[in-house]
Amino acid sequence: MLNAATHYSIDYPDLSLVLALVRGGTLARAAALLRVDVSTVFRAVRRLEAALGQTLFEKSRAGYLPTSLASNLAQQAERAEQALEAARMGVEQGAEVISGTVRLTCTDSVLQGVLLPALAQFMPHYPALTLELSTSNDFANLSRRDADIALRLTRTPPEHLVGRCLGRVAYQVCASPDFARQHQGRALADLPWIGPDDFLPDHPTVVWRREHLPGVRLSYRCNSLLSVTELVRAGLGVAALPDFLLEAGLQPLGPTLAGHDTALWLLTRPDCRALRSVVTLFDELGRHVHMNVGAGLPAIALCQPQK
């Protein structure tokens, strides 16, 4: 980075200094991270600000608050830090190391029931790869380039994305074992129901309930299927849930909801196929979710990708 007024060129020690103070928030913590004394950090920051002709930090009661320039420099410093660590690993391991940051989005239920078991199997083999996770219920993240990969439950993935179908997902009406015993013999329409609120108006479980139980009034509305699952597990009522969330503490009350299944899609943008970090994570997820299916997870049965 070159400042036109001073012609000062930022180097790696400058980036490390800014990153330490952003992370630490105080001179003392920054000094501990850099393994120098507090006065050294103070003088270094003053010299750097004078050389750049711009303020990097605002002093407050909370500590040193970074300006937008300092925040931007800290982001660049983190990337440089990751690149340096990847180079060190490559030297130690004698091979090219997959590094960088990949942004992945999925729903909280897919994160809990599908993604976490897969990540636990292969991510330890990629210590230089950083994964940024966000939970969302739409495709806007990929469209706005806020994410590189998405795991989505849908029958019709957007045409502007590329990917593969990892399997079918079915739904069943469930309750806790205690709730099922206490209410044995009662009609589903007479039970307290738990369901998603208006954030998922076209969800397969919502469509099924409107078709088959049009008079049911929800006793509990939640803004995520994972929250719905927790309320069912707590014995507060019944709900239609995806099979991959049916674990200990949940009991199906009938067969799967015929004609209301969906599919799990692994998706990315076409431009991301040139990024080794994204391709590596994409391929690993494809393999390990299939492996989980083969190991007997009830939720996802293999299906062929669309042509």
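Residues numbered from 1 in each chain as written. Predicted model: local features only at pLDDT ≥ 70, side-chain atom pairs only at ≥ 80, totals over all residues. Heavy atoms only, no water.

Description of the overall build of the protein chain
Move 1: For the protein chain, the helix and strand inventory stands at 10 helices and 13 strands.
Move 2: Across the protein chain, contacts joining residues at least 24 apart in sequence account for 73% of those joining residues at least 6 apart.
Move 3: Accessible area of the protein chain: about 16,100 Å², with a carbon and sulfur share of 52%. (Helix = DSSP H or I, 4+ residues; strand = E, 2+ residues; numbered from the N terminus. Contact = heavy atoms within 4.5 Å. Areas by Shrake-Rupley, 256 points an atom, 1.4 Å probe, with all protein chains shown as cover.)

A closer look at a nonpolar patch on the surface
Move 1: On the surface, L33, L34 and V36 cluster together into a nonpolar patch covering about 230 Å² of accessible area.
Move 2: Structurally, V36 is set in the loop between α2 (27–34) and α3 (38–52).
Move 3: On the basis of relative accessibility, which here comes to 36%, the residue V36 falls in the partly exposed class. (Patch = residues over 30% accessible without salt bridge, like charges linked within 9 Å, V, L, I, M, F, W, Y side chains within 5 Å. Salt bridge = Lys/Arg side-chain N within 4 Å of Asp/Glu carboxyl O. Buried < 20%, exposed > 50% of the residue type's maximum accessible area, 1.4 Å probe, protein only.)

Structural notes on the packing of aromatic side chains
Pairs of aromatic rings are described using the distance from one ring centre to the other and the angle between the two planes.
Move 1: Counted according to the given criterion, the structure contains 2 aromatic pairs.
Move 2: Note on F57 and Y64: the rings are 6.4 Å apart at their centroids and 70 degrees apart in plane angle, and the pair reads as edge-to-face.
Move 3: Aromatic pair W193 and W208: ring centres 6.3 Å apart, planes at 35 degrees, arrangement tilted. Taken together, the residues span a long stretch of sequence, with W193 in strand β8 (residues 193–196) and W208 in helix α8 (residues 204–212) at a distance of 15 residues. Across the pair, W208 and W193 agree in class, each one buried. (Phe/Tyr/Trp six-rings, centres within 6.5 Å; stacked < 30°, edge-to-face > 60°.)

Thoughts on the nonpolar core
Move 1: Membership of the largest hydrophobic core comes to 41 residues, with the highest contact counts inside it found for I149 and L285.
Move 2: Of all the secondary structure elements, the ones that give two or more residues to this core are β3 (100–106), α5 (108–122), β5 (149–153), β6 (162–169), β7 (171–175), β12 (262–268) and α10 (276–294).
Move 3: Of all the elements, α5 adds the most residues to this core, at 7 residues.
Move 4: Ignoring any residue separated from it by four or fewer positions in sequence, one finds L285 in contact with L104, L115, A118, L119, F122, I149 and L266.
Move 5: Membership of the second largest hydrophobic core comes to 23 residues, among which are V18, L21, L52 and L73. (Core = buried A, V, L, I, M, F, W, Y, C linked by side-chain atoms within 4.5 Å.)

Thoughts on helix α9 (residues 225–233)
Move 1: Taken together, the buried positions of α9 are L225, V228, T229 and V232. On an axial view of α9, the arc spanned by its buried residues comes to 100 degrees, and they lie on one face.
Move 2: For α9, the elements touching its buried residues are α5, β7, β8, β9 (218–222) and β10 (239–242).
Move 3: Looking one or two residues beyond α9, the residue adopting positive phi is G235, at roughly 85 degrees. (Arc of directions from axis to C-beta.)

So, the packing of α2 against α3
Move 1: Taken N-terminus to C-terminus, the directions of α2 and α3 make an angle of 100 degrees; their axes are 8 Å apart at the nearest point. In terms of their interaxial angle, α2 and α3 are classed as roughly perpendicular. Here α2 contributes L27, A28, A30, A31 and L34 to the contact with α3, which in turn contributes V38, V41 and F42. (Axes fitted to C-alpha atoms, helices over the stretch in contact; angles between N-to-C directions. Parallel < 35°, antiparallel > 145°, perpendicular 65-115°, else oblique.)

Notes on the sheet that holds strand β11 (residues 251–252)
Move 1: Taken together, 3 strands build an open sheet; the order of strands is β10-β7-β11 and the sheet is antiparallel. The sheet terminates laterally at β10 and β11, the two strands that pair on one side only.
Move 2: Bridge analysis of β7 against β11 gives 2 bridges, and the strand direction is antiparallel. Pairing of A175 across the sheet is with Q251, part of β11.
Move 3: The strands touched by α9 within the sheet are β7 and β10, with β10 carrying the most contacts at an inclination of about 120 degrees. (Pairing = 2+ DSSP bridges.)

A few points about the side chain of T268
Move 1: Along the polypeptide, T268 turns up in strand β12.
Move 2: A distance of 2.6 Å separates a polar atom in the side chain of T268 from the backbone oxygen of D148.
Move 3: Every residue in contact with T268, bar those within four places of it in the chain, is listed here: D148, I149, L161, V162, V278 and F282. (Polar contact = N/O pair within 3.5 Å; in protein donor to acceptor, adjacent residues only side chain to side chain.)

What to know about helix α1 (residues 12–24)
Move 1: Taking 1.5 Å of rise per residue, the 13 residues of α1 would be expected to cover 18 Å, and the 18 Å separating its terminal C-alpha atoms lies within 8% of that figure.
Move 2: Residues of α1 that are buried include every one of D14, L15, L17, V18, L19, A20, L21 and G24, and no others.
Move 3: Where α1 terminates, the next one or two residues include G25, which has phi positive at roughly 85 degrees. (Expected span 1.5 Å × (residues − 1).)

Some remarks on the pairing of β9
Move 1: Bridging between β8 and β9 involves 4 bridges; their strand directions are parallel. If you follow W193 over to β9, its bridge partner there is L218.

A word on the confidence of the model for the protein chain
Move 1: When pLDDT is averaged along the protein chain, the result is 84; 85% of the residues meet or exceed 70.
Move 2: Of all the helices and strands in the protein chain, strand β13 (residues 300–301) carries the lowest mean pLDDT, 40, while β7 carries the highest, 95.
Move 3: Confidence over residues 1–5 falls short of pLDDT 50; this stretch has 11 contacts with residues more than four positions distant or in other chains.
Move 4: The low-confidence segment residues 293–307 (pLDDT under 50) makes 31 contacts with residues lying over four places distant or belonging to another chain. (pLDDT = per-residue confidence, 0-100.)

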